[in-house]
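Architecture at a glance
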There are 2 protein chains.
Amino acid sequence: MNIGEIARRAGVSRSTVSYALTGKRPVSEETKRRIQAVIDELGYRPNAAARALKEGRTRTIGLVIPPASQRLTDMQLGFVASVVDATARADLDVLLSPSGGEHDRSFERVVTGRRVDGVILMEIRLEDDRVTRLLQSGLPFVGIGRTRQPEDMSWVDIDYETLIAKCVHHLADLGHRHLALVNRNAELVAAGYGPGHRAQAGFDRAIAERGLHGVRVCCADDAQAGQTCLQQLLAEYPELTAIATINEAAVAGMYRALTEAGLTVPRDFSIAGVAAQHWAENLHPPLTAADVPADEMGARAVELLIQRIADPATPHRHLLVAPPISLRSTTGPARPRT
Amino acid sequence: MNIGEIARRAGVSRSTVSYALTGKRPVSEETKRRIQAVIDELGYRPNAAARALKEGRTRTIGLVIPPASQRLTDMQLGFVASVVDATARADLDVLLSPSGGEHDRSFERVVTGRRVDGVILMEIRLEDDRVTRLLQSGLPFVGIGRTRQPEDMSWVDIDYETLIAKCVHHLADLGHRHLALVNRNAELVAAGYGPGHRAQAGFDRAIAERGLHGVRVCCADDAQAGQTCLQQLLAEYPELTAIATINEAAVAGMYRALTEAGLTVPRDFSIAGVAAQHWAENLHPPLTAADVPADEMGARAVELLIQRIADPATPHRHLLVAPPISLRSTTGPARPRT
DNA sequence: TTGTATGCGTTATCAA
DNA sequence: TTGATAACGCATACAA
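On a predicted model such as this, the values are computed, not experimentally measured, just so you know.

Of the pockets and cavities examined, the second largest pocket occupies roughly 1000 Å³. Surrounding the second largest pocket, 32 residues form its lining, B:Y44, B:R45, B:P46, B:N47 and B:R51 being those nearest its centre. Where the lining of the second largest pocket is concerned, the elements lending two or more residues are α6 (105-112) of chain A together with α2 (14-22) and α4 (48-55) of chain B. The residue inventory of the lining of the second largest pocket, partitioned by class, reads 11 nonpolar, seven polar and 14 charged.

If you want it as structure tokens, here you go:
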């Protein structure tokens, strides 16, 4: 079913049908009604490809996520959910591209095949080939996360550096002197994953400011790894009494390791972190954490992108969120472990 | 940048460029090289909309998921991940449509705007308007899940009825006489959610066959609800010693309720369920469960869909998986609670 | 081995 | 208020 067929049956020209639909030109009530009747009868909808070809835009945005094979964290899922939601509300569609490496066919298709009007890019590295690629392509895009040169692009990001520093200060205020930072997995950090490096920086700074003892470790993003990681830390650093972390997925395992070591949270050991609000609340015990508003961030990213699509010349905008730490059940006064 | 520009710069006709790209007609090595050089220099890629318009296919499939606002279960995420993965491997793209209700603009766009070559539909009800809509549209589609008339469509599904019956038999073999079925949330079941109804049927059947006492409850899909749900069950049914469940998201809460009631799993209480393998393994304690191969199911759904797109006249195919129950750490011999 | 011409379904310009 | 027609960029049937 195409617009010509509708026009024929309604006894008008194709352009009249088009204008009746878009309202970009006055059409008499009478013909408008007749056209609508035919459309309803035949269930006509404009062909998206033809419209995209003619208009030069697809009404679709691309969402580049980490390869689906590696499980997304709760925070990442929050971003995806809110991006999808906000996009649907704007009557746009989302094309999903699972792209991690550099030579990625899916990513290339999205960027260069003009399949989308703009892109939202997740899980950005300090040096990120995909950002370079998008910049040179001229396609509007917004990062959830930012590179080392954050001025060159629009983004929404979490201020991991400040937040982890806040966690350290909070723990220091409670009397903890020996702290560990549990980072995301080693490969990610080695590859220049921004949050990993910024968390380290914030940790180091706060540790120095307060004159504390700090140790930094990487940990794979799952409960099992969290458990072994904490077991090793407990064994190696007998004076350790608190942890700051950005590794959501490992926290459940850390709880287990503590329980098995006979340590009660927060009486014997404290944990503070940066995590999605919904998730921190539903954990058991609920995690004292800076509540990342993943839902809002995704929506804001979409907002920024829609603006850039409408006017690519608009100056870049940046949103760095640093939510306050919500005190829940995992931090308490320091107390020697033995 | 378009094919005409490439042709001009390479000193050949547009069709020669097209044929050089598709290989559907012999092109001399010399011109092929010259064309490729220009393409590399200018970074040309065919316009997806123009190609879709000409070819009548979009090289894109639609994935209809539950509204993103409501958090997806781990199993649903497994489906999404494997569908996205398998689609990318086939050099196709995925258009995401978060569609729950009936009058959904996103869903309508996907179905009727010819934006996709086919659709994968998740979270199907026994009576599902979206299935009706897809059937009448003629667009190829595959369900992850099935309606009450499963012959009319292609699908991949989990045999909840058999699996929950197996759970009951397993628990009965261990001596449990008073069992509860913890279903998904009440709204979903009331709306005719297939797995919910089929799990009930399997539960009732097995309970009757073994002459046991069974009670069925619905429970919202989160840990907090799981906790209160089990608290109530424990209070109301003092003889209850085991649970069968299809509600992944509630299990962590059930563990908590048991711990707080001073009951140890599996010594004092047993739980068996149907859950994504990865998730059951990583739970603590690991859940005795029928391991749903979410990764494989998504890939098979994509396979089926690609076949249907290639030949819409092909007979419908169905895949009902009933994986064996993996014995882990949550079921043991029955023992009176008091 | 290559070139020319046509049409896919829209929207928008020009003309009436 | 409406109609005829030219693009948008590509793939392909037809010619050479």
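Taken together, 28 residues lie near DNA strand C, and A:I3, A:Y19, B:T16, B:R25 and B:K54 sit nearest. Taken together, the sugar and phosphate atoms account for 50% of what DNA strand C places within 4 Å of the protein. One of the side-chain nitrogen or oxygen atoms of A:S18 is found 3.0 Å away from a phosphate oxygen of DNA strand C. Note that a phosphate oxygen of DNA strand C is positioned 3.0 Å from one of the side-chain N or O atoms of A:R51. Taken together, the elements giving at least two residues each to the surface near DNA strand C come down to α2 (14-22) and α4 (48-55) of chain A together with α2 and α4 of chain B.

A separate point is the relation of the copies chain B and chain A. When chain B is fitted onto chain A, the two copies agree to an RMSD of 0.1 Å after a turn of 180° and an axial shift of 0.1 Å. Interpreted geometrically, this transformation is the action of a two-fold axis. Here 100% of the interface residues in chain B have copies in chain A that are interface residues too; the copies meet face to matching face.

Looking now at the protein's contact with DNA strand D. Neighbouring residues of DNA strand D: 27 residues in total, closest A:T16, A:R25, A:S28, B:I3 and B:Y44. Between a base nitrogen of DNA strand D and a side-chain N or O atom of A:S15, the distance comes to 3.1 Å. B:I3 has a polar backbone atom sitting 2.3 Å from a phosphate oxygen of DNA strand D. Of all the secondary-structure elements, those providing two or more residues to the surface near DNA strand D are α2 and α4 of chain A together with α2 and α4 of chain B. It is α2(B) that contributes the most residues to the surface near DNA strand D, four residues altogether. Among the residues forming the surface near DNA strand D, the class breakdown is nine nonpolar, 10 polar and eight charged.

All chains considered together, the criterion is met by zero aromatic pairs over all chains. A cation over a ring is seen here: B:R146 above B:W155, with NZ or CZ 5.1 Å from the ring centre.

Before going further, it helps to examine the interface of chain B and chain A. In this assembly, 47 residues from chain B lie in contact with 47 residues from chain A. Interface area for chain B against chain A, summed over the two sides, is near 4100 Å², with a carbon-plus-sulfur share of 48%. Salt-bridge contacts for A:R109 lead to B:D91; the nearest nitrogen and oxygen are separated by 3.3 Å. Our count for the chain B to chain A interface comes out at 24 residue pairs in polar contact (both at pLDDT 80 or more). For the side of chain B that touches chain A, the secondary structure elements donating two or more residues are α4, α5 (74-89), β2 (93-98), α6 (105-112), α11 (223-236), α12 (248-260) and α13 (277-282) of chain B. Per-element tally for the side of chain B that touches chain A: the top contributor is α5(B), with eight residues. Here the side of chain B that touches chain A is built from residues that sort into 19 nonpolar, 13 polar and 15 charged. Inspection of the sheet shows strand β2 (residues 93-98) of chain A paired to β2(B) by three bridges, in the antiparallel sense.

Once that is clear, we can look at the sheet that holds strand β1 (residues 60-65) of chain A. One open sheet holds the 12 strands; their spatial order is β11(A)-β5(A)-β4(A)-β3(A)-β1(A)-β2(A)-β2(B)-β1(B)-β3(B)-β4(B)-β5(B)-β11(B), and the pairing between them is mixed. Unpaired on one side and paired on the other, β11 (318-321) of chain A together with β11 (318-321) of chain B mark the two borders of the sheet. Between one strand and the next, the sheet's axes are offset by a mean angle of 15°, whatever the strand orientation. Two elements, strand β3 (residues 118-122) of chain B and strand β4 (residues 141-144) of chain B, share four bridges in a ladder whose sense is parallel. In the strand pairing of β4(B), B:M122 is matched with B:I144.

Once that is clear, we can look at the side chain of B:E248. All names here are of chain B. Secondary-structure assignment places E248 in helix α12. Put simply, E248 is tucked away with no salt bridge, and the nearest opposite charge, on R184, sits 7.7 Å away. Setting aside anything within four residues of it in sequence, one finds E248 in contact with T73, D74, M75, V274, A275, A276 and W279.

Rules of the game
- Residues numbered from 1 in each chain as written.
- Chains lettered and ligands numbered in written order.
- Predicted model: local features only at pLDDT ≥ 70, side-chain atom pairs only at ≥ 80, totals over all residues.
- Heavy atoms only, no water.
- 1 Å grid on protein atoms, 1.4 Å probe; cavity = no way out; pocket = protein on both sides within 12 Å on 5 of 7 lines; lining within 4 Å.
- Points joined across faces, edges and corners; volume = space filled by probe spheres on them.
- Helix = DSSP H or I, 4+ residues; strand = E, 2+ residues; numbered from the N terminus.
- Nonpolar A, V, L, I, M, F, W, Y, C, P; charged D, E, K, R; others polar.
- Near = heavy atom within 4 Å.
- Polar contact = N/O pair within 3.5 Å; in protein donor to acceptor, adjacent residues only side chain to side chain.
- Least-squares fit on C-alpha atoms with pLDDT ≥ 70 in both.
- Contact = heavy atoms within 4.5 Å.
- Phe/Tyr/Trp six-rings, centres within 6.5 Å; stacked < 30°, edge-to-face > 60°.
- Lys NZ or Arg CZ within 6 Å of the ring centre and 35° of its normal.
- Buried area = accessible area lost by both parts, 1.4 Å probe.
- Salt bridge = Lys/Arg side-chain N within 4 Å of Asp/Glu carboxyl O.
- Pairing = 2+ DSSP bridges.
- Axes fitted to C-alpha atoms, helices over the stretch in contact; angles between N-to-C directions.
- Buried < 20%, exposed > 50% of the residue type's maximum accessible area, 1.4 Å probe, protein only.
- Lys, Arg positive; Asp, Glu negative; His and termini not counted.

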